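Tertiary structure, described
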Amino acid sequence: MGVRVYELAKELGCSSRELVQRLQERHILVKGHMSALDEETAEIIRHEFAAKKGKATKTKSHKEQKPPLKKISIAFPFNVRELAAKLKIGPADLIAKLAHMKVMAGLNEILEFETARCVGIEFGFDVEKELTDEDVLLAKHRGEDDKAGKEHRPPVVTLMGHVDHGKTSLLDVIRKSNITVKESGGITQHIGAYQVDTDRGKVVFLDTPGHEAFTSMRARGANITDIVIIVIAADDGVMPQTVEAINHAKDARVPIVVAINKIDLPGADIDKVNRQLAELELTPEDWGGKTITVKVSAKEKKGIDQLLEMILLEAELLELKANPKSPARGMVIESKLSKGSGPTATMLVQNGTLHIQDVLVCGKTYGKIRAMANDWGERIQDAGPSIPVEVYGLSEVPQVGDAFYVVADEKKAKELCAKKSEELRQKRLVPAQRMSLEQIFQKAKEGELKDLKLIIKTDVQGSLEALTTSLEQLNTKDIAVKIIHAQVGNVSESDVMLAVASNAVIIGFHVGVEAKVKEIAEQKQIDVRLYRIIYEVINDVRLSMEGLLEPTIKEIFIGKGKVLQMFNISGFGAIAGCVLIKGKFLRTADLVRLFRNEQRIYEGKFSSLKRYKDDVKEVGEGLECGIALDKFSNIESNDIIECYRIEKVARKL
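What counts, and where the lines are drawn
- Residues numbered from 1 in each chain as written.
- Predicted model: local features only at pLDDT ≥ 70, side-chain atom pairs only at ≥ 80, totals over all residues.
- Heavy atoms only, no water.
- 1 Å grid on protein atoms, 1.4 Å probe; cavity = no way out; pocket = protein on both sides within 12 Å on 5 of 7 lines; lining within 4 Å.
- Points joined across faces, edges and corners; volume = space filled by probe spheres on them.
- Helix = DSSP H or I, 4+ residues; strand = E, 2+ residues; numbered from the N terminus.
- Buried < 20%, exposed > 50% of the residue type's maximum accessible area, 1.4 Å probe, protein only.
- Pairing = 2+ DSSP bridges.
- Salt bridge = Lys/Arg side-chain N within 4 Å of Asp/Glu carboxyl O.
- Axes fitted to C-alpha atoms, helices over the stretch in contact; angles between N-to-C directions.
- Parallel < 35°, antiparallel > 145°, perpendicular 65-115°, else oblique.
- Contact = heavy atoms within 4.5 Å.
- Nonpolar A, V, L, I, M, F, W, Y, C, P; charged D, E, K, R; others polar.
- Phe/Tyr/Trp six-rings, centres within 6.5 Å; stacked < 30°, edge-to-face > 60°.
- Lys NZ or Arg CZ within 6 Å of the ring centre and 35° of its normal.
- Arc of directions from axis to C-beta.
- Polar contact = N/O pair within 3.5 Å; in protein donor to acceptor, adjacent residues only side chain to side chain.
- Core = buried A, V, L, I, M, F, W, Y, C linked by side-chain atoms within 4.5 Å.

What about the layout of surface pockets?
When its volume is computed, the second largest pocket comes out at roughly 980 Å³. Every residue lining the second largest pocket is counted, 28 residues in all, and those nearest its centre are Asn247, Leu280, Ile483, Ile484 and Ala486. Mapped onto the lining of the second largest pocket, the elements with two or more residues apiece are helix H10 (240-251), helix H11 (270-279), strand E21 (451-458), helix H15 (461-472), strand E22 (480-488) and helix H16 (493-502). It is E22 that provides the largest number of residues to the lining of the second largest pocket, a total of seven residues.

Looking at the pairing of strand E14 (residues 342-351)
Where burial is concerned, most of E14 is hidden: nine out of the 10 residues are buried. With nine bridges connecting them, strand E13 (residues 329-338) and E14 associate as antiparallel partners. Note that in E14 the partner of Ser335 across the bridge is Ala345. Connecting E13 to the next strand, E14, in antiparallel fashion are three residues.

A closer look at the pattern of salt bridges
As enumerated under the stated definition, the model contains 16 salt bridges in all. The residue Lys71 makes a salt bridge to Glu128 at a minimum N-O spacing of 3.2 Å. Here Lys71 is found in strand E3 (residues 70-74), whereas its partner Glu128 is found in strand E4 (residues 125-129), with 57 residues between them in sequence. Note that Glu647 is salt-bridged to Arg645, the shortest N-O span being 3.4 Å. You can call Arg645 partly exposed: its relative accessible area is 37%. A network of salt bridges, in which partner residues are shared, links Glu555, Arg593, Arg600 and Glu603.

With respect to the sheet that holds strand E19 (residues 388-394)
In spatial order, the strands read E13-E14-E19-E17-E16-E20; together these six strands close into a barrel with antiparallel pairing. Averaged over all adjacent pairs, the angle separating strand axes in this sheet is 45°, with direction ignored. Where E14 meets E19, five bridges bridge the pair, whose relative direction is antiparallel. Across the sheet, Thr346 pairs through a bridge with Glu390, a residue of E19.

What to know about the packing of helix H8 (residues 167-175) against helix H12 (residues 304-318)
How two helices sit against one another is set out by the angle between their axes and by the gap between those axes. Between H8 and H12, the least distance of the axes is 10 Å, while the angle of their chain directions is 90°. Considering the angle they form, H8 stands roughly perpendicular to H12. From H8, Leu170, Val173 and Ile174 reach across to H12, where they touch Ile304, Leu307 and Leu308. Split into classes, the residues belonging to the contact of H8 with H12 amount to six nonpolar, no polar and no charged.

Quick look at the packing of aromatic side chains
Under the definition given, this model contains three aromatic pairs. When the ring centre of Tyr644 is taken as reference, the NZ or CZ atom of Arg593 above it lies at 5.1 Å.

A closer look at H11
Buried within H11 are the following residues: Val273, Asn274, Gln276 and Leu277. Buried residues in H11, looked at end-on, bunch into an arc of 165°, giving them a common side. For H11, the elements touching its buried residues are strand E9 (227-233), H10, strand E10 (256-261) and strand E11 (292-295). With a side-chain oxygen lying 3.4 Å from the backbone nitrogen of Asp271, the N-terminal cap of H11 falls on Asp269.

A look at the side chain of Arg153
Within the secondary structure, Arg153 is located in the loop between strand E5 (151-152) and strand E6 (156-161). Among the polar contacts listed, one links the side chain of Arg153 to the side chain of Ser386, at a separation of 3.1 Å. What Arg153 contacts, discounting residues up to four positions off in sequence, is Asp226, Leu320, Lys321, Ala322, Gln350, Pro385 and Ser386.

What to know about the pairing of strand E20 (residues 403-407)
Of all five residues making up E20, four are buried, and the element is well covered by its neighbours. Relative to E20, E13 is paired through three bridges, and the arrangement is antiparallel. Residue Gly330 lies in a different strand from E20, and its bridge partner there is Phe404. One ladder, built from four bridges, connects strand E16 (residues 359-362) with E20; its direction is antiparallel. Looking across to E20, one finds that Val359 is bridged to Val407.

Remarks on the environment of Lys453
Structurally, the position occupied by Lys453 is in strand E21. Judged by relative accessible area, which is 19%, Lys453 ranks as buried. Put simply, Lys453 and Lys482 are 29 residues apart on the chain and 4.8 Å apart in space, counted from C-alpha to C-alpha. Those residues within four positions of Lys453 in sequence are excluded, and the remaining contacts are Asp251, Lys482, Ile484, Ser502, Asn503, Ala504 and Val505.

Thoughts on the nonpolar core
In this structure, Leu170, Ile174, Phe205, Ile229, Leu307 and Ile311 are the most contacted members of the largest nonpolar core, which totals 27 residues. Contributing elements (two or more residues each) for this core: E6, H8, strand E7 (192-198), strand E8 (201-207), E9, E10, E11 and H12. Broken down by element, this core gets its largest block of residues, seven residues, from H12. Filtering out sequence-adjacent residues up to four positions away, Ile229 remains in contact with Val157, Thr158, Leu159, Met160, Phe205, Val257, Ala259, Leu307 and Ile311.

Concerning the environment of Asn79
Looking at where Asn79 falls in the secondary structure, it is placed in the loop between E3 and helix H4 (80-87). Along the chain, Asn79 and Leu111 lie 32 residues apart, while their C-alpha atoms are 5.7 Å from each other. What Asn79 contacts, discounting residues up to four positions off in sequence, is Leu107, Asn108, Glu109 and Ile110. Of note is the side chain of Asn79, whose polar atom sits 2.8 Å from the backbone nitrogen of Glu82.

Quick word on the side chain of Asn323
Its place among the elements puts Asn323 in the loop between strand E12 (321-322) and E13. Among the polar contacts listed, one links the side chain of Asn323 to the backbone nitrogen of Lys325, at a separation of 3.0 Å.

Structure representation (structure tokens):
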């Protein structure tokens, strides 16, 4: 993404407005203080400022120096009133500045942190998030991680694919056990985590009911998988759920290994599978691509060693490391309430070592570990990095995807959980940010997104191809339409979960949404848009993208005046007496510039325009007037003042 304008301005010691002006003078189009600059442009500007600073040092370096930003921290969430108090300004001043930044907010409006950072810089403050007790503890954990050095850890691998393509049967053979017979109807009903020993090291497998669990964890920020194995039956080929699984793995940026299963069946067609993979931009190595594919048969136990070898080879490239000597932290991958054991959680240790009697915090629950069991059900005393373990002793059932970490004692754990519960309650009071099409475009406009992610569902393949092709043709240099998943069929729960994890909008064409799925979409604040006419879809997206494009800015000259002398008016302050040389002065001018010896030293607005002692809206050519500039009083005789009207011309795709 590069560096944002406000970040570079802070680095250079100037205001965002000055930097934007400098960029526009160089004909570099920027959208505002949140715009991102590429590193080459940023480096050019750095050199220019360095040269200017060096030159100024010889003459009047004291005028170029700006006081450093004062660091302040604030607890999140916070409203306008609380931020104003931290910045030591009046709430009205803060509201006015926010309005200037096109953020409309009242006194009790909850602000986003990035907005607070930007407005803080304008007032001379570097705003940081106040660290919670949990943040401090986790920072300490990370510090201890690095102290003793890190060691290689086993890779965590997730099996994904279409139903009945043999994911669990394959894992069954790898593990040399009989997991499948325990499942209802031979279909996985829960998340399993299994450790497998090989000649070259250990591998940890997660066997999921599908990509829903994988995505729901990722939606909570829990990227626990190092490698994804896409299992494809050689006789069926790529199926709808296979495509979904591949898209989920791609969007998570996780390395993919393809296991082509059931090669022993008469209808097996390896070339067909390879061709389908190539169409999905996963060209197999056999075809000159980069995707590792391994031909296996769970039934005849063929190709298993080669699959494990490929997994371990991929893991070596990833250089996976963890520190087994630090306090344990990790992720919950399954949880339940057992009659005999009480709250039980299947956890994956990501760093450190978990011991019996350790006290841990997990989301808003805590407990002292009274017992642990490995994937075979055997009782164990400790579990190191990448080891899945079943834990007993928590106060209540944790949520899947919750992070856990070890703390010093139960008193500290209870205190942290109480604060966490209060934080969650406060966050629920903040209005939910619905990921609507307009909101995603707005995020892109602010530089937070480089592409617009869409999930497309249609009734037939022909419509799917026509729609995806038409939407991709709307791409511009400023924003790209990225279709992360396109498939025939109704909008499903899986589509909603992918949208949650990816900040995507779901577009349905001649398809339906079940009541249950619609309810989940509303709960998750996901925008699902249904259409019957194809040009309405394209037009909707185009119009929104045109609204996203920053309009072309035109400066229309209004008037020019010369400062004759300065006056002091009782109860008002300094007023510059001017004479209009050309055009006129408008009190409501969008832009006012002040020049001294042909050098621009101010850019802003009029705060006052007077004829004698009366406030006026405009002053014509040849007349004298008194002016005051907004937050600027360093005006001298013979200074030249110009004012402009700003026109915005809408851009078209």
